[in-house]
Amino acid sequence: MTDKHEQAEQWRDDVPSTIARSDDKAVRTYKETLESAEETYGDGERAHRTAYAALKHTHEKVGDHWEPKEHRGPSDAQAAQGAPESVRGRRETAQGVDANASREHLDEVAHRVGVAEPEKLDRDDEVRAIEKANARATARARRR
């Protein structure tokens, strides 16, 4: 085992369950950003929002966990704003869905999470359908 893997394993109990079920990089990204944000903002909602924002630049939520994105960058309009604009001008988020991904990628993710006939949905409806499927998968995983 590598030091980075061991570090991620030690942190899995300290991160939200969807992140704990994800790859080592997701765990480290969230936890390292959270620790840095807590030093800056204190222990609270803003620090956690900052950690999720960092995670959403490298990973996307697929079902009950986070997977690396093909291309690094913001996943939705809220993530694209950056601070301090993101605090003042709060926009709706895509709940970890990479709303900026190609339509082809969204269709593939939608099929994987059980959205029926995503090709028939417009882009916004497809993102919302993936969000709902992800929420259902997370709820099932938490009941186990």
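Below or above, wherever it landed, is the structure these notes cover. Keep in mind the model is a prediction, meaning the values are calculated, not measured. (Residues numbered from 1 in each chain as written. Predicted model: local features only at pLDDT ≥ 70, side-chain atom pairs only at ≥ 80, totals over all residues. Heavy atoms only, no water.)

1. Describing the overall build of the protein
Regarding its fold elements, the protein presents eight helices and two strands. In sequence order, the protein lays out its α and β elements as α-α-α-α-β-β-α-α-α-α. In summary, the protein has a C-alpha radius of gyration of 15 Å against a globular reference of 15 Å for 144 residues, a match within 12%. On the principal axes, the C-alpha backbone points of the protein span a range of 45 × 40 × 30 Å. Out of the 144 residues in the protein, the part that is buried amounts to 42%. Restricting the contact set of the protein to residue pairs at least 6 apart, pairs at least 24 apart contribute 41%. Taken as a whole, the protein presents about 8,300 Å² of accessible surface, with 46% of it coming from carbon and sulfur. Separation between the mean location of the 26 positive side-chain charges and that of the 31 negative ones in the protein comes to 4 Å. (Helix = DSSP H or I, 4+ residues; strand = E, 2+ residues; numbered from the N terminus. Rg over C-alpha atoms; globule rule 2.2 N^0.38 Å. Buried < 20%, exposed > 50% of the residue type's maximum accessible area, 1.4 Å probe, protein only. Contact = heavy atoms within 4.5 Å. Areas by Shrake-Rupley, 256 points an atom, 1.4 Å probe, with all protein chains shown as cover. Lys, Arg positive; Asp, Glu negative; His and termini not counted. Charge placed at Lys NZ, Arg CZ, Asp CG, Glu CD.)

2. Thoughts on the pattern of salt bridges
Proximity of charged atoms lets side chains of opposite charge pair with each other. In total, this model carries 12 salt bridges according to the counting rule given. Between Arg12 and Asp24 there is a salt bridge whose closest N-O contact spans 2.4 Å. Of this pair, Arg12 sits in the loop between α1 (3-11) and α2 (17-20) while Asp24 is found in helix α3 (residues 24-41), placing the two residues 12 residues apart along the sequence. Like Asp24, Arg12 is buried. Two residues, Arg103 and Glu126, come together in a salt bridge whose shortest N-O distance is 2.6 Å. Residue Arg103 is found in helix α7 (residues 103-112), and its partner Glu126 is found in helix α8 (residues 123-143); the two are separated by 23 residues along the sequence. What makes Arg103 partly exposed here is its relative accessible area of 28%. (Salt bridge = Lys/Arg side-chain N within 4 Å of Asp/Glu carboxyl O.)

3. Notes on the pairing of strand β2 (residues 65-68)
Strand direction decides the pairing type here: strand β1 (residues 59-62) and β2, joined by four bridges, are antiparallel. Within β2, the position partnered with His59 by the bridge is Pro68. (Pairing = 2+ DSSP bridges.)

4. Concerning the layout of surface pockets
Its boundaries defined by the atoms lining it, the second largest pocket holds a volume of some 240 Å³. Looking at the second largest pocket, it is lined by 14 residues, and the ones nearest its centre are Tyr52, Lys61, Trp66, Gln95 and Gly96. Secondary structure elements with two or more residues in the lining of the second largest pocket: α4 (45-58) and α8. Broken down by element, the lining of the second largest pocket gets its largest block of residues, five residues, from α8. Of the residues in the lining of the second largest pocket, the class split is four nonpolar, six polar and four charged. (1 Å grid on protein atoms, 1.4 Å probe; cavity = no way out; pocket = protein on both sides within 12 Å on 5 of 7 lines; lining within 4 Å. Points joined across faces, edges and corners; volume = space filled by probe spheres on them. Nonpolar A, V, L, I, M, F, W, Y, C, P; charged D, E, K, R; others polar.)

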